[in-house]
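Now for the letters of each chain:
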Amino acid sequence: MAPLPWRDIAAVLRHCLLPQTCAHCREDLLPAAASPLCPRCRLGLTPAEPPFCLRCAEPLPGARRLCRACSGRPFACRLMRAAFLYRGPATGLVYAFKYRGRRAAAKAAGLWMAAAFPRFPELSGYEALVPVPLHPRRLRERGYNQALLLAEGLAPALALPVWDILSRSKSTRPQWDLDKESRRRNLAGAFAAGPQARGKSLLLVDDVCTTGASLEECGRALHRAGAARVAAFVLARQTL
Ligand SMILES: [Zn+2]
Ligand SMILES: [Zn+2]
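If you're wondering where the values come from, they're calculated on a predicted model, not measured in any experiment.

Student: Talk me through the overall build of the protein; I want residue IDs and the actual numbers.
Tutor: In terms of helices and strands, the protein carries eight helices and six strands. When its helices and strands are written in sequence order, the protein yields α-α-β-α-α-β-α-α-β-α-β-β-α-β. Classification of the 240 residues of the protein by burial places 36% in the buried group. Relative to all contacts within the protein whose residues are 6 or more apart in sequence, the contacts with residues 24 or more apart total 73%.

Okay, structure coming up:
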């Protein structure tokens, strides 16, 4: 029998010391598994597919092209698309890199976003990926910005650079219990963009989109800095 390569031995040892479990169902993963989800949960991720609102990708049954919120006014973030719906294994996956410190889960999720990207030809022609920033205090607590890790996982497949040019100047309260209008007020003026944005078409990257208020506020900051066009691609779309 051929001896095991060192890489495999190291993976087995690491697994014995720190067993990796599926981010959703907590089943043990194989020692050298690169995926944060077991094969069954990976297959359980629900792609975000039409019919949906042509701007914000909110699922939209019937013949309407735009949801009520997106009708009749222009937006700084002109398009939003998501790889998956925020349900089932997608919630465990996001929880793992957001609250359980599993950075590798964010990188893997970025690769899955890359695999979903060709479904959205309307997102082609952008020049750089711009992660949605965390407030510096949140960044210190977590140790990393998960949106930056997602963008770094996604970037090679798209052959685009990652520009970490947005900053979050205002500490905002958590948004989960706020309605759409309160979210907008809570976020107003929270972001600022660097001069690199001038004249560029930029694709925002984030983990979860709920109402799209953060993406829209980031879009405004990029336009204030002179960006030509802003859209967004997120890992998961929460449906309202
Ligand atoms: Zn699982
Ligand atoms: Zn919409």
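Student: Help me get a handle on the pairing of strand E1 (residues 80-85), residues and values and all.
Tutor: Along E1, six of the six residues are buried, which leaves the element largely enclosed by surrounding structure. Sheet topology places E1 next to strand E6 (residues 229-237); five bridges connect them, and they run parallel. Directly across from Arg 81, in E6, lies its bridge partner Phe 233.

Student: Mind laying out the sheet that holds E6, listing which residues take part and the relevant values?
Tutor: The strand order across the open sheet formed by four strands is E1-E6-E5-E2, and the pairing between neighbours is parallel. Only two strands of the sheet have a single neighbouring strand rather than two, namely E1 and strand E2 (128-131). Between one strand and the next, the sheet's axes are offset by a mean angle of 25 degrees, whatever the strand orientation.

Student: Now, about the nonpolar core: what can you tell me, with residues and values included?
Tutor: One broad rule of soluble globular proteins: the nonpolar side chains tend to lie buried together. Of all hydrophobic cores here, the largest spans 64 residues; its most connected members are Ala 109, Leu 150, Leu 204, Val 205 and Leu 235. Other than its neighbours up to four places away in sequence, Leu 204 contacts Cys 77, Val 130, Val 132, Leu 215, Cys 218, Gly 219, Val 230 and Ala 232.

Student: So what's going on with helix H3 (residues 89-99)? Residues and values would help.
Tutor: Among all positions in H3, only Pro 89, Ala 90, Leu 93, Val 94, Ala 96 and Phe 97 are buried. For H3, the angular spread of the buried residues around the axis is 155 degrees, confining them to a single face. Its buried side turned inward, H3 meets helix H2 (39-43), E1, helix H4 (103-116), helix H6 (146-158), strand E5 (201-209) and E6. Note on H3: the residue one or two positions beyond its end, Gly 101, has a positive phi of about 70 degrees.

Student: An account of unusual backbone geometry is needed here, citing residue identities and associated values.
Tutor: For the peptide bond that leads from Pro 50 to Pro 51, omega is 5 degrees, which places it in the cis range. Positionally, Pro 51 belongs in the loop between H2 and E1. The phi dihedral of Ala 57 is positive, around 65 degrees, even though this residue is not glycine. Inspection of the secondary structure puts Ala 57 in the loop between H2 and E1.

Student: Now, about the packing of helix H7 (residues 180-187) against helix H8 (residues 213-224): what can you tell me, with residues and values included?
Tutor: Across the interface, H7 lies against H8 with an axial gap of 9 Å and an inter-helix angle of 35 degrees. Helix-helix and strand crossings are classified by hand; for H7 and H8 the assignment is right-handed. Here Lys 180, Arg 183, Arg 184 and Leu 187 of H7 come into contact with H8, specifically with Ala 213, Ser 214 and Glu 217.

Student: Give me the packing of H3 against H4: which residues, what numbers.
Tutor: Close contact between H3 and H4 brings their axes to 7 Å; oriented N to C, the two are set at 135 degrees. Put simply, H3 runs oblique to H4. Our pair here, H3 against H4, has a crossing hand that is left-handed. Note on element contacts: H4 touches H3 through Arg 103, Ala 105, Ala 106 and Ala 109, opposite Leu 93, Ala 96 and Phe 97. Residue composition of the contact of H3 with H4, by class: six nonpolar, no polar and one charged.

Student: Can you explain the environment of Leu 202? Please cite residues and give values.
Tutor: With respect to the element layout, Leu 202 can be found in strand E5. A C-alpha to C-alpha distance of 4.9 Å links Leu 202 and Val 230, two positions 28 residues apart in sequence. With residues near it in sequence (within four places) discarded, Leu 202 still touches Tyr 126, Glu 127, Ala 128, Val 130, Ala 197, Leu 222, Ala 227 and Val 230.

Student: For the environment of Lys 180, give the residues involved together with the corresponding values.
Tutor: Turning to its location among the elements, Lys 180 is positioned in helix H7. Given 12 C-beta atoms within a 10 Å radius, Lys 180 is considered exposed. Considered as a pair, Lys 180 and Thr 210 are 30 residues apart in the sequence and their alpha carbons are 9.5 Å apart. Contacts of Lys 180, omitting those with residues within four sequence positions, involve Thr 211 and Ala 213.

What counts, and where the lines are drawn
Residues numbered from 1 in each chain as written. Chains lettered and ligands numbered in written order. Predicted model: local features only at pLDDT ≥ 70, side-chain atom pairs only at ≥ 80, totals over all residues. Helix = DSSP H or I, 4+ residues; strand = E, 2+ residues; numbered from the N terminus. Buried ≥ 20, exposed ≤ 12 C-beta atoms within 10 Å, placed from the backbone. Contact = placed C-beta atoms within 7 Å. Pairing = 2+ DSSP bridges. Axes fitted to C-alpha atoms, helices over the stretch in contact; angles between N-to-C directions. Core = buried A, V, L, I, M, F, W, Y, C linked by C-beta atoms within 7 Å. Arc of directions from axis to C-beta. Left-handed = near helix turned anticlockwise from the far one by under 90°. Parallel < 35°, antiparallel > 145°, perpendicular 65-115°, else oblique. Nonpolar A, V, L, I, M, F, W, Y, C, P; charged D, E, K, R; others polar.

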